[in-house]
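Examination of the molecular architecture
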Amino acid sequence: MDLVLLGPPGGGKGTQAKRLMEKYGLVQLSTGDMLRAAVASGSAVGKKAKAVMDAGQLVSDDIVIAIIDDRLDAPDTKNGVIFDGFPRTVAQAEALDAMMVRKGRKLDYAIEIRVPDEPIVERITGRFTCAKCGAGYHDKFQQPKAAGVCDSCGGTEFIRRADDNAETVHKRLDAYHAQTAPLLPYYQAKGNYHLVDGTKDIAEVTKDLEKILG
Ligand code: ADP
Ligand code: ADP
Ligand code: ZN
């Protein structure tokens, strides 16, 4: 089973992807995570991507398409993947369709986690993750059970993303509306589109997703 999670930055795609992985035996493919890893490694791709990401704009289609094309060849994707943060443009969606055919895969679901702009600034400025295992948290909505200790791995170091600040959030939302929102009619026309209300709390959104996925 392969699925795409669509929705604005901070809409809960990563949070939900992690919660679905285990139950359905899927792997989360986050282009944002992959690009941040490229930036951290200092690779040529990372050098190109860094300034664009810091400015809240989209990295070029060529770069992210090549990253996903490569990643889908790894054996751990065989059971199925959750595309998180990809595709983000119509060109990426078309490239994904072609890639899926070429690789003998099928996109079973395109699910929009819909959240209006208003709650997004608070979601993003309160976001942090465990430095060791990548588990996601929020200052207000998803605190670790024991303060300062990761629920998943016991780690005590946490990181905040350079682009998770109020100024950049508005640019990322602009990019979402201008470049990514046109994907919604693209998938609606295909018939594998589903809508989930992303303003509900985290556990309720997971339940709604499970209703769709079975
Ligand atoms: P968020 O989870 O807040 O939506 P991501 O981690 O998905 O953020 O992405 C962070 C940044 O990485 C984006 O603002 C963009 O610059 C870049 N990026 C991630 N995925 C893509 C993509 N599919 N196409 C272009 N740029 C991307
Ligand atoms: P995305 O991957 O779409 O950018 P995240 O999953 O990283 O979004 O969520 C952004 C922030 O909001 C995180 O700190 C997360 O803990 C929190 N969050 C996610 N879903 C919800 C929700 N339904 N209600 C409140 N906060 C949420
Ligand atoms: Zn951890």
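Summary of the structure given here. (Residues numbered from 1 in each chain as written. Chains lettered and ligands numbered in written order. Predicted model: local features only at pLDDT ≥ 70, side-chain atom pairs only at ≥ 80, totals over all residues. Heavy atoms only, no water.)

**Comments concerning the site of ligand 1**
- Close contacts around ligand 1 come from 20 residues, with T31, R36, Q57, R88 and R172 the closest.
- Between an oxygen atom of ligand 1 and a main-chain N or O atom of Q57, the distance comes to 2.6 Å.
- The side chain of R127 places a nitrogen or oxygen atom 2.9 Å from an oxygen atom of ligand 1.
- Notes on ligand 1: free accessible area 560 Å², of which the protein chains cover 97%.
- The residue makeup of the shell around ligand 1, split by class, is seven nonpolar, six polar and seven charged. (Near = heavy atom within 4 Å. Polar contact = N/O pair within 3.5 Å; in protein donor to acceptor, adjacent residues only side chain to side chain. Areas by Shrake-Rupley, 256 points an atom, 1.4 Å probe, with all protein chains shown as cover. Nonpolar A, V, L, I, M, F, W, Y, C, P; charged D, E, K, R; others polar.)

**Some details on the site of ligand 2**
- By nearness alone, 18 residues border ligand 2, and G14, T15, R127, Y137 and Q142 come closest of all.
- With respect to ligand 2, the backbone of G11 contributes an N or O atom lying 3.2 Å from an oxygen atom.
- Within the side chain of R123, one N or O atom sits 3.5 Å away from a nitrogen atom of ligand 2.
- Per element, the largest residue contribution to the shell around ligand 2 is three residues, and it comes from helix α1 (residues 13-24).
- Grouping the constituent residues of the shell around ligand 2 by class yields five nonpolar, eight polar and five charged. (Helix = DSSP H or I, 4+ residues; strand = E, 2+ residues; numbered from the N terminus.)

**Here's the deal with the coordination of the zinc ion (ligand 3)**
- The protein atoms that coordinate the zinc ion (ligand 3) are C130 (SG), C133 (SG), C150 (SG) and C153 (SG), at distances spanning 2.3 to 2.4 Å.
- In this structure, the zinc ion (ligand 3) is surrounded by four donor atoms whose angles at the metal cover 100 to 115°, and the resulting shape is tetrahedral.
- Written as a sequence motif, the donor residues of the zinc ion (ligand 3) are C-x2-C-x16-C-x2-C. (Donors = N, O, S within 2.8 Å, 3.2 Å for Na, K, Ca; no water. Tetrahedral: all angles 85-135°; square planar, octahedral: opposite > 155°, others 65-115°.)

**Thoughts on the pattern of salt bridges**
- Per the stated rule, a full pass over the model turns up 21 salt bridges.
- The salt bridge involving R172 is made with D163; its shortest N-O contact spans 3.8 Å.
- With a relative accessible area of 10%, R172 lands in the buried category.
- Look at D163 and you get buried, because its relative accessible area is 10%.
- Put simply, R127, R161, D163, D164 and R172 are held in one network by salt bridges that share partners. (Salt bridge = Lys/Arg side-chain N within 4 Å of Asp/Glu carboxyl O. Buried < 20%, exposed > 50% of the residue type's maximum accessible area, 1.4 Å probe, protein only.)

**Some remarks on the packing of aromatic side chains**
- In the structure shown here, the tally under the stated rule is five aromatic pairs.
- An angle of 85° between the planes, with centres 5.5 Å apart, marks the rings of F128 and F158 as edge-to-face. Note that F128 is positioned in strand β5 (residues 127-130) and F158 in strand β7 (residues 158-159), a separation of 30 residues in sequence.
- Residue F128 is classed as buried on the basis of its relative accessible area, which comes to 10%.
- With a centroid separation of 5.9 Å and an interplanar angle of 80°, the aromatic rings of Y137 and F158 are classed as edge-to-face. With Y137 in strand β6 (residues 136-138) and F158 in strand β7, the pair connects residues that are 21 residues apart, well separated along the chain.
- Judged by relative accessible area, F158 falls into the partly exposed class, the value being 25%.
- One aromatic cluster is present, formed by F128, Y137 and F158 through successive ring pairs. (Phe/Tyr/Trp six-rings, centres within 6.5 Å; stacked < 30°, edge-to-face > 60°.)

**Examining the sheet that holds β7**
- Sheet architecture is open: three strands sit in the order β6-β5-β7, paired in antiparallel fashion. The open sheet terminates on both sides in strands that have one partner only, identified here as β6 and β7.
- Two elements, β5 and β6, share three bridges in a ladder whose sense is antiparallel. What sits directly across from F128, in β6, is Y137. (Pairing = 2+ DSSP bridges.)

**Overview of the packing of helix α2 (residues 31-41) against helix α3 (residues 44-54)**
- As a packed pair, α2 and α3 sit with axes 8 Å apart at the nearest point and diverge in direction by 115°. With respect to the hand of their crossing, α2 and α3 are arranged in left-handed fashion. Where α2 abuts α3, its residues G32, L35, R36, A38 and V39 lie against V45, G46, A49, K50 and M53.
- Tallied by class, the residues present in the contact of α2 with α3 amount to six nonpolar, two polar and two charged. (Axes fitted to C-alpha atoms, helices over the stretch in contact; angles between N-to-C directions. Left-handed = near helix turned anticlockwise from the far one by under 90°. Contact = heavy atoms within 4.5 Å.)

Note that every value here comes from positions in space, so none of it alone points to a role or purpose.
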